[in-house]
Each structure stands twice: as structure tokens, then as C-alpha cells.
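Given next are the chains, with one letter for each unit.
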Amino acid sequence: MKNILILGAFQTILQYFFFYIGLSHTEGSKGSIIVASSYFFAIVLAHLVYTKKRGYSGEEQLDTRKILGCFLGVTGIILVNISSQGIGSGFTLAGEGCMLLSSLAGAIASVYLKSFAKKGNPFEITGWQFLLGWLVLCLIGKGMGGQVTGFTWKSSLLLFYMAVISSVAFSLWTLLLQYNPVGKVSIYGFMNPVFGVLLSGMILGENAFTLKNLTALFLVCGGIFVVNLKRNVEK
């Protein structure tokens, strides 16, 4: 129960709380690029946590390759927050700030989940921490005057679709972290900002395909790729 409480607090409560607040105050394309910072947070945190443990295999050790990858990723995130008025003017606490906090919460959950997942069933872990997170978020929302109304068959179908996405994705993520280093599985996450930018432009009609966004996207994806390049070549 202690592990479920800790995991639910970071992976569901804090991550979703900050994510949806941040997403409602920024563009979808911009948010999807910032969310990729979670992988760089996870790499640094994994180094700090696992290098101090006995029997450590060295898979999470920070090296030049990982530092370079993190530098490229952070540069991309800074770039996407630059506006014509300067670096800080494209950044707001309610928007981009909350997205970064959501990414940090997700990274902490991933690092903690690596050791916790070995002690239990990944699908059971996901179910319990979602149940806990759902209850707490509902109480927070109700306490802040929130309500959910206007259900139609389309909105109900969308809600069900989002629930399936979250449950399946987190279950698979837990399963991957059970058998692999945090850094090893993160390379596949570079598709998140790619799809985020593309779908924001195609579906939401945002001006996502700007030179700044595409350059930032290239830097973030390049950073994640560089972090895992050596391991993949050896593989």
C-alpha cells in the first residue's frame, strides 16, 4: 500500500493535475515537446538513485553521450519557449510551467516504478494507482467547484477511449520498466512529441509547423536518440 500511495501520488495525481492545467494554457504542439523533458529528468534521476545501490550494473550511469543528449533536449525545450519578446516571455507558470512539473512528476514515478515493478504485477499496480489517483483528483476537482456535464454518445466514447489509452499505456510502461533500464526504453518516447506536433497541426489547426517548433522538435528527438545511440548500435 505504501508503494501504491507513492506511485499514485506522482504518476497519476501530480502528473495529471499539472498536465491538464498546463495543456489548457498552452498550445498542444508546444506542450507535447515540453512533455518530452520527462525522459531527460528520468535519466538524471536514475543516475542519482541507482548508482548508489549495491549490485548496480552501470546501465543508468551518466556519461558523455547522455549528457550531450540531455543538453540537446533542454536546448529544444528552451527554444520552443522563446517568443519575439525574449526567452522568458513565451513561458507562463500556468501553461509551460505546469507542463514541466508534470514531466518531473512522471520522471520520478518512472524511476521509482523500476524497483517497485519487480515486486508486483504490472497490471495490478497500474489498476490500484489509477484507482487511488482517480479518487483524489475527483475530490480535488469537486472541492474547487468543478463538474462534468453535457454527456453525449460522442463525449462518452471519447472518455472511454482516453481511459483505455491511459490504462494500456501505463501497464505496458510498467512492464517495460520491470525488465529494462529507464534510459533504454525512453528512446521510443521520442515519437510522442513527433505525433503531438503533427496531430496538433492536422486536427487542432494550430500553426505547429513553424521553423522554431520543428527545430525544437529536432533537438528534443535528437537528444533522446543520442542518449540511446550507443546501446542500440551495440544491440
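These notes cover the structure that comes with them. (Residues numbered from 1 in each chain as written. Predicted model: local features only at pLDDT ≥ 70, side-chain atom pairs only at ≥ 80, totals over all residues. Heavy atoms only, no water.)

**Things to note about the overall build of the protein**
When its secondary structure is counted, the protein shows 10 helices and 0 strands. Per-residue burial over the protein gives 41% buried out of 235 residues. If you take every contact in the protein between residues at least 6 apart in sequence, the share linking residues at least 24 apart comes to 85%. Of the roughly 13100 Å² of accessible surface on the protein, a fraction of 72% belongs to carbon and sulfur atoms. (Helix = DSSP H or I, 4+ residues; strand = E, 2+ residues; numbered from the N terminus. Buried < 20%, exposed > 50% of the residue type's maximum accessible area, 1.4 Å probe, protein only. Contact = heavy atoms within 4.5 Å. Areas by Shrake-Rupley, 256 points an atom, 1.4 Å probe, with all protein chains shown as cover.)

**Section: the nonpolar core**
Counting 26 residues, the largest nonpolar core has Leu 113 and Val 220 as the members making the most contacts within it. Mapped onto this core, the elements with two or more residues apiece are helix H1 (2–23), helix H2 (28–35), helix H3 (37–50), helix H4 (64–80), helix H5 (93–116), helix H7 (153–179), helix H9 (191–202) and helix H10 (211–234). Sorting elements by how many residues they give to this core places H10 first, with 6 residues. Not counting residues up to four positions away in its chain, the partners in contact with Val 220 are Ile 33, Ala 36, Phe 40, Leu 72, Gly 73, Gly 76 and Ile 77. (Core = buried A, V, L, I, M, F, W, Y, C linked by side-chain atoms within 4.5 Å.)

**Considering the environment of Arg 65**
By secondary structure assignment, the location of Arg 65 is in helix H4. Between the C-alpha atoms of Arg 65 and Val 227, which are 162 residues apart in sequence, the distance is 5.6 Å.

**Observations regarding the layout of surface pockets**
Its boundaries defined by the atoms lining it, the second largest pocket holds a volume of some 1100 Å³. Lining the second largest pocket are 26 residues, with Tyr 16, Tyr 20, Trp 134, Leu 137 and Cys 138 sitting closest to its centre. Secondary-structure elements contributing two or more residues to the lining of the second largest pocket are H1, helix H6 (122–143) and H7. Taken together, the residues that form the lining of the second largest pocket break down as 15 nonpolar, 10 polar and 1 charged. (1 Å grid on protein atoms, 1.4 Å probe; cavity = no way out; pocket = protein on both sides within 12 Å on 5 of 7 lines; lining within 4 Å. Points joined across faces, edges and corners; volume = space filled by probe spheres on them. Nonpolar A, V, L, I, M, F, W, Y, C, P; charged D, E, K, R; others polar.)

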